[in-house]
Amino acid sequence: MVEAADYQCDFENKWCPGCGNFGIVNAMKDALAALDLPAEKVLLVSGIGQAAKTPHFLKCNFFHGLHGRALAVATGAKIANHDISVLVNMGDGDCYGEGGNHFLAAIRRNIDITLLVHDNRVYGLTKGQASPTSDRGFVTRIQAEGARSDPMNPVALALSQGAGFVARGYCGSTDQLGDLIRQGLEYPGFSLIDILQVCVSFNHVNTYDWYRERAFDINENGHQPGDLQAAMKYAYPEGDRIPTGLIYRKETVPFTQRIRRLNAGPLLGQEYDRQRVQSLIRDA
Ligand SMILES: Cc1ncc(C[n+]2csc(CCOP(=O)(O)OP(=O)(O)O)c2C)c(N)n1
């Protein structure tokens, strides 16, 4: 029986006290324990940023790579061994800015991984520049007159591009978030969980109090996740209120099932002709 404590890792942590990332780590551990997933069956992939440090703080396999490129690495890893559960931790800058095109490609491929975007609406690691989800007018030390671009809406974008599992969580509601991550891991296909994350140092607008007043659970209100029209409605705020929960879910064919070769089992266990591969590389 796997327990959340099995994922406890004592690696030194320099996140600010009160950082929303702590709630996300706890929710991840709860989800992995709820699914009874042992650490050797789990891979965490990340790029660069404070969010991207998350894999350091869970005791399991991880790959910490380049800014914006985590989804590409995770795609390769899942194809090489589709027996493991792959989770990706990215910041909103990392995923929707630097890695934006990989985000679109992952949706279109329907690669069966679970993407957790720690959406604090700011570049945390580099000390507080506006990100793709910052509101227009968001004042930072470098955008002294306020950000001039409008924010993107990742949930609406994912829905419009045909994503089969789209959720919005909140770092302060760890029970709900843990349950969303569990459902994302169970989903056979690409799952996006955009997580409203508080940054106590560089975002003094979207605080715990701010979210506490606004976030509400649409699944408690009877929302049916199979309804795309209703999902699109919940992609956007309702006045001052922000819908959270499982927004959309539909049945899809995951990418690894679209590759005939993988029917024979994980690629990394399959025989291959080493000499032929070497000559292909040599002659390329
Ligand atoms: C190619 C490249 N561009 C820019 C940077 C500098 N950089 C490092 S982290 C980061 C943004 C981090 O913000 P976000 O992804 O939102 O994560 P957070 O730190 O807020 O969790 C940037 C711009 C980099 N390391 N590599």
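What you see is a predicted model, and the numbers here were worked out from it, not measured in a lab.

Q: Would you take a moment to explain the pairing of strand β6 (residues 191-196) for this structure?
A: Where a strand is regular, its side chains alternate between the two sheet faces. Burial analysis of β6 places six of its six residues in the buried class, which makes it a mostly covered element. Neither face of β6 is left uncovered, since the one carrying Ser-191, Ile-193 and Ile-195 and the one carrying Leu-192, Asp-194 and Leu-196 both have all their residues buried. Sheet topology note: the strand β4 (residues 114-119)/β6 ladder contains six bridges and is parallel. Note that in β6 the partner of Leu-115 across the bridge is Leu-192. A crossover connection joins strand β5 (residues 165-170) to the parallel β6 through helix α6 (residues 174-186); in handedness this β-α-β unit is right-handed.

Q: In this structure, what is going on with the environment of Ala-27? I would like to understand it.
A: Mapped onto the fold, Ala-27 is located in helix α1 (residues 21-34). Judged by its relative accessible area of 0%, Ala-27 is buried. Sequence-wise, Ala-27 and Gly-164 are 137 residues apart; in three dimensions their C-alpha atoms are separated by 22 Å. In this structure Ala-27 touches Thr-174, Leu-177, Gly-178 and Ile-181, once residues within four positions along its chain are discounted.

Q: For this particular structure, what's the right way to read the site of the ligand?
A: Close to the ligand lie 16 residues, the nearest being Gln-50, Ala-51, Asp-94, Gly-124 and Leu-125. Ala-51 has a polar backbone atom sitting 2.8 Å from an oxygen atom of the ligand. Within the backbone of Gly-124, one N or O atom sits 2.7 Å away from an oxygen atom of the ligand. Protein contact buries 72% of the 590 Å² of open area that the ligand shows by itself. Take the shell around the ligand: its biggest share by element is four residues, from helix α3 (residues 92-98). Of the residues in the shell around the ligand, the class split is five nonpolar, eight polar and three charged.

Basis of the calculations
Residues numbered from 1 in each chain as written. Predicted model: local features only at pLDDT ≥ 70, side-chain atom pairs only at ≥ 80, totals over all residues. Heavy atoms only, no water. Buried < 20%, exposed > 50% of the residue type's maximum accessible area, 1.4 Å probe, protein only. Helix = DSSP H or I, 4+ residues; strand = E, 2+ residues; numbered from the N terminus. Pairing = 2+ DSSP bridges. Right-handed = clockwise from strand over helix to strand, strands pointing away. Contact = heavy atoms within 4.5 Å. Near = heavy atom within 4 Å. Polar contact = N/O pair within 3.5 Å; in protein donor to acceptor, adjacent residues only side chain to side chain. Areas by Shrake-Rupley, 256 points an atom, 1.4 Å probe, with all protein chains shown as cover. Nonpolar A, V, L, I, M, F, W, Y, C, P; charged D, E, K, R; others polar.

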